[in-house]
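# Chain and residue survey
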Amino acid sequence: VQLQASGGGLVQPGGSLRLSCAASGFTFSNYAMKWYRQAPGKQRELVATITSGGSTNYGDAVKGRFTISRDNARNTVYLQMNSLKPEDTAVYYCNANIMLRTYWGQGTQVTVSS
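The rules we used
- The numbers attached to residues start from 1 for each chain and follow its sequence in the written order.
- Side-chain atom pairs in this predicted model are given and counted only at pLDDT of 80 or more, local residue features only at pLDDT of at least 70, and totals for whole chains, interfaces and linings cover all residues.
- By convention in this description, side-chain values take in all heavy atoms of the structure and omit both hydrogens and water.
- By convention in these notes, a salt bridge is any Lys or Arg side-chain nitrogen within 4 Å of a carboxyl oxygen on Asp or Glu.
- When a residue's accessible area, from a 1.4 Å probe over protein chains only, is under 20% of the maximum for its type it is buried; when over 50% it is exposed; and in between it is partly exposed.
- Secondary structure elements follow DSSP: runs of H or I of four or more residues count as helices, runs of E of two or more count as strands, with numbering from the N terminus.

### Comments concerning the pattern of salt bridges
Going through the model one piece at a time under the given rule, you end up with five salt bridges. The residue Arg 37 makes a salt bridge to Glu 45 at a minimum N-O spacing of 2.6 Å. In this structure Arg 37 comes out as buried when scored by relative accessible area, which is 5%. Assessed through its relative accessible area of 34%, Glu 45 is described here as partly exposed. In this structure, Arg 65 engages Asp 88 in a salt bridge whose closest nitrogen and oxygen atoms are separated by 2.7 Å. Placement of the pair is Arg 65 in the loop between strand 6 (56-58) and strand 7 (66-71) and Asp 88 in the loop between strand 8 (76-81) and strand 9 (90-98), with a sequence separation of 23 residues. Residue classification places Arg 65 among the buried positions, given a relative accessible area of 10%. A relative accessible area of 1% places Asp 88 in the buried class.

Taken by themselves, the reported measurements are silent on function.
Here it is as structure tokens:
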């Protein structure tokens, strides 16, 4: 199993970014996918979840601003982030739980600053 996250960068407050996570080594369409983030000095927190059927759920801090989606043909999960705030600054990780094992992507840095 491999999860390859990309799309992070430096953006001004109020701006947007789209993260991607390309998955391989398992039947992508059968599993829920998640995005987590970890800010300096803080615990990793769950940002968004998308089930195999496409249902979504979001952490309270990002509701109404972030959108998780998936493209099963491309084995890719996305996180569209709008109205970004400085407190969204963190390393973002994609995650999959497969056959009772947890897999993480390598993380992509998002920095929101003027």
